[in-house]
Amino acid sequence: MDEQLLNDDDVTLYGLFVEAFARLKPVVHRDLGVPDTWFEVLLRLGRTPGHRLRMTDLAEAVSFSSGGFTRLADRMAKEGLIRRDPDPADRRAALAALTDKGAEALDRALTAHVSHLRSHVTGPLSSEDRHHLERILRTLRDANG
């Protein structure tokens, strides 16, 4: 084994990133009242103007295959959290739309989520650290998009 590579600073930095995320995800997704994958869908729709997105765009945004996302959307629609609307710009496509029930579920989930974020993610950071972290994460996201 190459000891130099095993102890490389980049390997350590990435490992810390993965460990931090693995510890944070279950904490910040606790008490949402909906499965965390549903929460991600509701959040994307809630933050989108008009609260509607093309199904394919939404599937990509939450990192699902189109088939896997169709099954997820079916379950969410059955619960009344989202609905499918025809896409006026493309007859072949459908839009996922946030329902009133979905908006209420999102509000409840966000109350818990924001509280956990403030306690476990942003709370331990200084204001300066938060700005640096945001800049770093945007840089990593944009460089690898």
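Before reading on, note that the structure itself is shown above.
Note that the coordinates shown come from a computational prediction; the quantities given were computed from them, not determined experimentally. (Residues numbered from 1 in each chain as written. Predicted model: local features only at pLDDT ≥ 70, side-chain atom pairs only at ≥ 80, totals over all residues. Heavy atoms only, no water.)

A.B. asks: Before we move on, can you summarise the side chain of His29 with the specific residues and values?
C.D. replies: Along the chain, His29 falls in the loop between α2 (9-28) and α3 (36-46). Apart from the residues lying within four places of it in its own chain, the contact partners of His29 are Asp36, Phe39, Glu40 and His113. (Helix = DSSP H or I, 4+ residues; strand = E, 2+ residues; numbered from the N terminus. Contact = heavy atoms within 4.5 Å.)

A.B. asks: Just give me the short version of the layout of surface pockets, but keep the residues and values in it.
C.D. replies: Gaps left between atoms show up when a probe the size of a water molecule is rolled over them. One number sums up the size of the largest pocket: a volume of about 2800 Å³. Along the walls of the largest pocket sit 46 residues, with Phe17, Phe21, Val121, Leu133 and Leu137 positioned nearest its centre. When contributions to the lining of the largest pocket are tallied by element, the ones reaching two or more residues are α2, α3, α6 (100-120) and α7 (127-143). Here the lining of the largest pocket gets 12 residues from one element, more than from any other, and that element is α7. A per-class count over the lining of the largest pocket returns 23 nonpolar, 10 polar and 13 charged. (1 Å grid on protein atoms, 1.4 Å probe; cavity = no way out; pocket = protein on both sides within 12 Å on 5 of 7 lines; lining within 4 Å. Points joined across faces, edges and corners; volume = space filled by probe spheres on them. Nonpolar A, V, L, I, M, F, W, Y, C, P; charged D, E, K, R; others polar.)

A.B. asks: An account of the nonpolar core is requested, with residue identities and associated values reported.
C.D. replies: Val34, Phe39, Val41, Leu42, Leu45, Phe69 and Met76 are the most contacted members of the largest nonpolar core, which has 23 residues in total. Counting residues per element, the ones that place at least two in this core are α3, α4 (55-61), α5 (66-78), β3 (94-98) and α6. With 6 residues, α3 is the largest single contributor of residues to this core. Contacts of Met76, omitting those with residues within four sequence positions, involve Trp38, Val41, Leu42, Leu81 and Ile82. (Core = buried A, V, L, I, M, F, W, Y, C linked by side-chain atoms within 4.5 Å. Buried < 20%, exposed > 50% of the residue type's maximum accessible area, 1.4 Å probe, protein only.)

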